[in-house]
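Examining the three-dimensional arrangement
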Amino acid sequence: MTKKEKASFILNLLIFIFTLFATISMIIGFYFMGDIKVLSSRNFQAFKFFTVDSNVFAGLVSLAYIIFQILQSNNKIKKMPDCMHLLQLAATTGVTLTMMVTVFFLAPQSTTTYFDYFMNSNLFMHLLTPLLCIINFIFFEKAEIRFSKTPIGIIPMILYALYYIPNILLHLDNGKVLPEYDWYGFLVAGLGTIWFVIPLIILITYAFSVGLWALNRKLAK
């Protein structure tokens, strides 16, 4: 392995370990930074959050990447499969969206303190793991991705929206959005804003995908 490949291997290993620890901690209700349960749910209810889903996806992609790196270093395969670069772009875009929404939208609206959104499992899911994914992708991932492939970055968010939006619509109270079903508060201004909010989130997510792609092309070389 080259130095860059070794660095990528270490970062992918950390991403996988962080994801495994954070996910298990949330599922079993292990709170190692005080009893703060912001955007947290025990058992498999935890997977209702895009935070958890995007991090688990990133962790699985990192695990697959580690396996292929080992196979490549042992001359079992000649090069990293092209699909892995696309998966890394999608995974990194997903956790970037998670981190940015938390930093600039959710945490500033906290009724307690800003840092409640970065406690316990969310320390990893909202901050550390996304940062590692971003660093790994833009500096150490030798991705040869054509610009036409950048829309793949919005796929995880689109798939989540297919669950999140119907979940809200099926639990309206006299046409009003219930906060317990709109846990990210995207429709806090009313159901009518859905026609503005959803396209905006899609556009922002795609901007992250394009930004990561551009930074990778410029910095990873």
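See above for the structure.
Presented here is an overview of the structure given in this document. (Residues numbered from 1 in each chain as written. Predicted model: local features only at pLDDT ≥ 70, side-chain atom pairs only at ≥ 80, totals over all residues. Heavy atoms only, no water.)

**Details of the side chain of Ser62**
- Here Ser62 shows up in helix H2 (residues 50-73).
- In terms of polar contacts, Ser62 uses its side chain to reach the side chain of Asn12, at 3.0 Å.
- Excluding anything up to four places from it in sequence, Ser62 contacts Asn12, Ile15 and Phe16. (Helix = DSSP H or I, 4+ residues; strand = E, 2+ residues; numbered from the N terminus. Polar contact = N/O pair within 3.5 Å; in protein donor to acceptor, adjacent residues only side chain to side chain. Contact = heavy atoms within 4.5 Å.)

**A look at H2**
- The end-to-end C-alpha distance of H2 is 34 Å, a good match for the 34 Å that 24 residues give at a rise of 1.5 Å each.
- Every buried residue of H2 is accounted for by Phe50, Thr51, Val52, Ser54, Asn55, Ala58, Gly59, Val61, Ser62, Tyr65, Ile66 and Gln69.
- On the buried face of H2, the contacting elements are helix H1 (3-28), helix H3 (82-106), helix H4 (121-140) and helix H5 (155-169).
- Immediately beyond the C-terminal end of H2, within one or two residues, lies Asn75, with a positive phi of roughly 60°. (Expected span 1.5 Å × (residues − 1). Buried < 20%, exposed > 50% of the residue type's maximum accessible area, 1.4 Å probe, protein only.)

**With respect to the state of the cysteines**
- Taken as a whole and judged by the stated rule, the model has zero disulfides.
- Here Cys83 is not cross-linked by a disulfide; its sulfur's nearest cysteine counterpart is in Cys133, at 17 Å.
- Take Cys133: its relative accessible area is 6%, and that puts it in the buried class. (Disulfide = S-S within 2.5 Å.)

**A word on a nonpolar patch on the surface**
- Together, Leu20, Phe21, Ile24, Ile28 and Phe30 line one region of the surface with nonpolar side chains, adding up to about 440 Å² of accessible area.
- Among the secondary structure elements, Ile28 is positioned in helix H1. (Patch = residues over 30% accessible without salt bridge, like charges linked within 9 Å, V, L, I, M, F, W, Y side chains within 5 Å. Areas by Shrake-Rupley, 256 points an atom, 1.4 Å probe, with all protein chains shown as cover. Salt bridge = Lys/Arg side-chain N within 4 Å of Asp/Glu carboxyl O.)

**Some thoughts on the pattern of salt bridges**
- Overall, the coordinates contain two salt bridges when judged by the stated rule.
- Residue Asp82 pairs with Lys79 through a salt bridge whose shortest N-O separation is 3.7 Å.
- Judged by its relative accessible area of 49%, Asp82 is partly exposed.
- Given a relative accessible area of 53%, Lys79 falls into the exposed group.

**Side note on unusual backbone geometry**
- A positive phi is found at Asn75, a non-glycine position, where the angle reads about 60°.
- Structurally, Asn75 is set in the loop between H2 and H3.
- Of note in the backbone geometry, Asn174 takes a positive phi value of approximately 55° without being a glycine.
- Inspection of the secondary structure puts Asn174 in the loop between H5 and helix H6 (194-219).

**Quick look at the packing of H2 against H4**
- Two elements in contact, H2 and H4, have axes whose closest approach is 10 Å; the angle formed by their N-to-C orientations is 40°. With respect to each other, H2 and H4 are oriented oblique. The interaxial crossing formed by H2 with H4 has left-handed handedness. Each of Thr51, Val52, Asn55 and Ala58 in H2 lies in contact with H4, whose residues at this interface are Asn122, Phe124, Met125, His126, Thr129, Pro130 and Cys133.
- When its residues are assigned to classes, the contact of H2 with H4 shows six nonpolar, five polar and no charged. (Axes fitted to C-alpha atoms, helices over the stretch in contact; angles between N-to-C directions. Parallel < 35°, antiparallel > 145°, perpendicular 65-115°, else oblique. Left-handed = near helix turned anticlockwise from the far one by under 90°. Nonpolar A, V, L, I, M, F, W, Y, C, P; charged D, E, K, R; others polar.)

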